[in-house]
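# Structural features, examined
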Amino acid sequence: MTETARTVTYVGVAAAALVVAWFATPPVDITPEQLVKARLGQELFPEFTDANDATSIRVVSFDEARAEPRIFAVDFKNGLWTIPSHHNYPADGAQMLSKTAGSARGIKRDEFRSASKEDHEELGVVDPLDTDASRLKGRGQRITLKKGESDLVDLIIGKQVRDRPGFYYVRLPGEDSTYVAKLDINLSTKFSDWVETDLLKLNRDALTEIEIDNYSISIEGGRAKIVPGEISKLDRAKSADPWKLEGLDEKGEEVDTTKVNDLVSTLDDLKLVGVRPKPKGVNA
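An account of the accompanying structure is given in this report. (Residues numbered from 1 in each chain as written. Predicted model: local features only at pLDDT ≥ 70, side-chain atom pairs only at ≥ 80, totals over all residues. Heavy atoms only, no water.)

## Focus on the overall build of the protein chain
Helix and strand counts for the protein chain stand at five helices and 14 strands. Taking all 284 residues of the protein chain together, 31% fall into the buried category. Of the contacts made within the protein chain by residues no fewer than 6 positions apart, 55% connect residues no fewer than 24 positions apart. For the protein chain, the exposed area adds up to about 18,600 Å²; of that, 50% sits on carbon and sulfur atoms. (Helix = DSSP H or I, 4+ residues; strand = E, 2+ residues; numbered from the N terminus. Buried < 20%, exposed > 50% of the residue type's maximum accessible area, 1.4 Å probe, protein only. Contact = heavy atoms within 4.5 Å. Areas by Shrake-Rupley, 256 points an atom, 1.4 Å probe, with all protein chains shown as cover.)

Here you go:
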């Protein structure tokens, strides 16, 4: 085959590929050159191959009622997983983040939807961190995975494509082009999914002593003062034994076992649902 023939063949193959790609996408206002640059069928983040590389995640959504972004983040610094968006509370983040990161790999540009910034609101891919107060509608959810200070994934997820479950409009921050991608990201921004919620880790059968300190706090002259109250002590030798109350006259009185069992059940079921910073001035 001559050099000229090879060139003609290559041009023919390239043209055929463009035709296939063109008809595989919705009819949008895009030139063949733009379509080539769109890299349809290719991964959005081809260098992200190992889910264990991720050391932080940030998820930003938008509260239209308050006109402000809502940020949830988990970070690994100084050998400790924490939740910066929740006052740096310690997180059980390694396994959860790896699971989330793994589901974010392999996201592809399945289709080209628009090259225009004017379509962002309609498709729901306006950046939730956009500071333009005139663009409060159509804001999407922005997910960022990092390894140290380097981005592994940074993606704005918009509306689901109509009648196509699992397919969403997506956009890379800083770019105007919007694509369609199939997503199955295992993502949770619930605080309780990232922490140990069993606050006391209580084994009710091993519980043999309960002390109830019924103190109160009095405010005098603008200062808080602890006022001692009645202290009740309950104990038992082992789980099968009945509870005994210190100082109780067992000849004429008895412990209300239903209330004690309710107390133990309440302590056993105590779950962590949120955190707040300790007020200034409170002792450690």
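## Looking at the packing of aromatic side chains
With the rule as written, the count across this model stands at four aromatic pairs. Considering the side-chain rings of F72 and W194, the 6.0 Å spacing of their centres and the 50 degrees angle between planes classify their relative orientation as tilted. With F72 in strand β2 (residues 68-77) and W194 in the loop between β9 (178-182) and β10 (209-213), the pair connects residues that are 122 residues apart, well separated along the chain. Of the two residues, F72 and W194, neither departs from the other in class, the shared state being buried. Each ring, one from F76 and one from W81, has its centre 4.9 Å from the other, and the planes form 45 degrees; the classification is tilted. (Phe/Tyr/Trp six-rings, centres within 6.5 Å; stacked < 30°, edge-to-face > 60°.)

## Some points on the sheet that holds β10
If you walk across this open sheet you meet the three strands as β10-β13-β14, and the pairing is antiparallel. Edge positions in the open sheet fall to β10 and β14 (244-245), since each of these has one partner strand only. Bridge count between strand β13 (residues 231-235) and β14: two bridges; the pairing is antiparallel. Considered in β14, the bridge of L234 is made with L245. (Pairing = 2+ DSSP bridges.)

## Concerning the pattern of salt bridges
When charged atoms on two side chains of opposite charge get close, those side chains can pair. Within this structure, the stated rule accounts for 11 salt bridges. A salt bridge links K147 to D53; the nearest nitrogen and oxygen atoms lie 4.0 Å apart. Placement of the pair is K147 in strand β6 (residues 141-147) and D53 in the loop between α2 (32-38) and β1 (56-63), with a sequence separation of 94 residues. Across the salt bridge formed by K77 and D75, the nearest N and O atoms sit 3.8 Å from each other. Among the charged side chains, a network of salt bridges with common partners joins D127, R142 and D154. (Salt bridge = Lys/Arg side-chain N within 4 Å of Asp/Glu carboxyl O.)

## Focus on the side chain of D268
Note on placement: D268 falls in helix α5 (residues 257-268). Despite its burial, D268 pairs with no opposite charge; the closest candidate is R204, at 4.3 Å N-O. With residues near it in sequence (within four places) discarded, D268 still touches D198, L202 and R204. (Lys, Arg positive; Asp, Glu negative; His and termini not counted.)

## A word on the sheet that holds strand β3 (residues 80-83)
Pairing in this open sheet of nine strands is antiparallel, and the strands run β4-β3-β2-β1-β6-β7-β8-β9-β5 from one edge to the other. Edge positions in the sheet fall to β4 (89-90) and β5 (111-114), since each has one partner strand and no second. In the sheet, β1 pairs with β2 via eight bridges, with the strands oriented antiparallel. Residue pairing for β2: V59 is matched across the bridge by F72.

## Some details on the pairing of β13
A regular strand carries its side chains on alternate faces of the sheet. The pairing of β10 with β13 spans five bridges and is classified as antiparallel. The residue of β13 that forms the bridge with I212 is S232.

## Concerning unusual backbone geometry
Of note in the backbone geometry, H87 takes a positive phi value of approximately 60 degrees without being a glycine. Its place among the elements puts H87 in the loop between β3 and β4.

## A word on the environment of W194
When its relative accessible area of 0% is taken as the criterion, W194 is described as buried. Separated by 112 residues in the primary sequence, W194 and T82 place their C-alpha atoms 9.3 Å from one another. Not counting residues up to four positions away in its chain, the partners in contact with W194 are I57, F72, V74, I83, A91, D92, G93, M96, L97, T100 and S188.

## Considerations on the nonpolar core
Side chains of nonpolar character tend, in soluble globular proteins, to be buried together. The biggest cluster of nonpolar side chains holds 35 residues, and the ones touching the most others in it are V74, I83, L145, L155 and W194. Looking at this core, the elements that each hand over two or more residues are β1, β2, β3, α3 (93-103), β6, β7 (150-160) and β9. Ranked by residue count, the leading element in this core is β7, at four residues. (Core = buried A, V, L, I, M, F, W, Y, C linked by side-chain atoms within 4.5 Å.)

## With respect to the environment of I57
One can find I57 in strand β1. As a C-alpha pair, I57 and A73 span 16 residues in sequence and 5.5 Å in three-dimensional space.

## As for α5
An ideal rise of 1.5 Å per residue puts 16 Å on 12 residues; α5 measures up with 16 Å between its terminal C-alpha atoms. Among all positions of α5, only V260, V264 and D268 are buried. Around the axis of α5, the buried residues are gathered within 75 degrees of arc, so they sit on the same side. Seen from the open side of α5, the exposed residues pointing more than 90 degrees away from its buried face are T258, K259 and T266. Against the buried residues of α5 lie β10 and β13. N-cap assignment for α5: the residue whose side-chain oxygen lies 3.2 Å from the backbone N of T258 is D256. (Expected span 1.5 Å × (residues − 1). Arc of directions from axis to C-beta. Polar contact = N/O pair within 3.5 Å; in protein donor to acceptor, adjacent residues only side chain to side chain.)

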